Amino acid sequence: MTKTINHFLINDSWYLVDLPGYGYAKTAGKSDRASWLTFTKEYFAKRQALVCVLLLVDGSIPPQQVDLDCANWLAEAQVPFSIAFTKCDARKKSGPTPAANIKAFKAELLKDYEQLPACFETSAQLGQGRVEVLGYLASLRQLEAAEGGHFL
């Protein structure tokens, strides 16, 4: 679980930034959780060089309101984002399949939006989605470079 902001310099030209997520928010105290939420929203809304947020959503469980709320906030704040459904190889014993969970999540988003952001199904265990996500990030990098941006 990420508890700090981690910056990863990629090819000496752009940064991938890993921010604390809901796991941190669940374990933090109430005041820490509030300041984390404020910081995160400000970071996304005011970061001029931000090209895309990659929202990680656990595909092995049914849609969670916190994930839907985050996606909705990003869309309403006009922060560009994509969704990476994680753990797509895992299935909870008594729950629906990851495919059903992902379909349900997308259906929830489509209640309010005409078009979904780019979505990827991934598995760290199997390497699923790795090529697709890396290709997507590369295309964003190329687009940003062509527009004269810095891609931070």
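That block above? That's the structure.
Note that the coordinates shown come from a computational prediction; the quantities given were computed from them, not determined experimentally.

1. Regarding the packing of helix 3 (residues 65-76) against helix 4 (residues 98-110)
Remark: helix 3 packs on helix 4, axes separated minimally by 11 Å, with the N-to-C direction vectors making an angle of 40°. By the angle class used here, helix 3 and helix 4 are oblique. For the pair helix 3 and helix 4, the crossing hand works out as right-handed. Facing helix 3, whose interface residues are Asp67, Leu68, Ala71 and Asn72, helix 4 presents Phe105, Glu108 and Leu109. Partitioning the contact of helix 3 with helix 4 into residue classes produces four nonpolar, one polar and two charged.

2. Concerning the pairing of strand 4 (residues 81-86)
Of all six residues making up strand 4, six are buried, and the element is well covered by its neighbours. As defined by bridge partners, strand 3 (residues 53-58) adjoins strand 4 across six bridges and the pair is classed as parallel. Bridging across to strand 4, Asp58 finds its partner in Thr86. In this fold, strand 3 hands off to helix 3, which returns the chain to strand 4; that crossover is right-handed. In this sheet, strand 5 (residues 119-121) lies alongside strand 4 in parallel orientation, the contact comprising three bridges.

3. A look at the nonpolar core
Core analysis: the biggest nonpolar cluster contains 18 residues, and Phe44, Val53, Ile83, Phe85 and Phe105 have the highest contact counts within it. Residues contacting Val53, with those up to four places away along its chain left out, are Phe44, Leu74, Val79, Pro80, Phe81 and Ser82. One finds Val51, Phe120, Val133 and Leu137 within the second-largest nonpolar core, a separate group that totals six residues.

Thresholds applied
- Residues numbered from 1 in each chain as written.
- Predicted model: local features only at pLDDT ≥ 70, side-chain atom pairs only at ≥ 80, totals over all residues.
- Heavy atoms only, no water.
- Axes fitted to C-alpha atoms, helices over the stretch in contact; angles between N-to-C directions.
- Helix = DSSP H or I, 4+ residues; strand = E, 2+ residues; numbered from the N terminus.
- Parallel < 35°, antiparallel > 145°, perpendicular 65-115°, else oblique.
- Left-handed = near helix turned anticlockwise from the far one by under 90°.
- Contact = heavy atoms within 4.5 Å.
- Nonpolar A, V, L, I, M, F, W, Y, C, P; charged D, E, K, R; others polar.
- Buried < 20%, exposed > 50% of the residue type's maximum accessible area, 1.4 Å probe, protein only.
- Pairing = 2+ DSSP bridges.
- Right-handed = clockwise from strand over helix to strand, strands pointing away.
- Core = buried A, V, L, I, M, F, W, Y, C linked by side-chain atoms within 4.5 Å.

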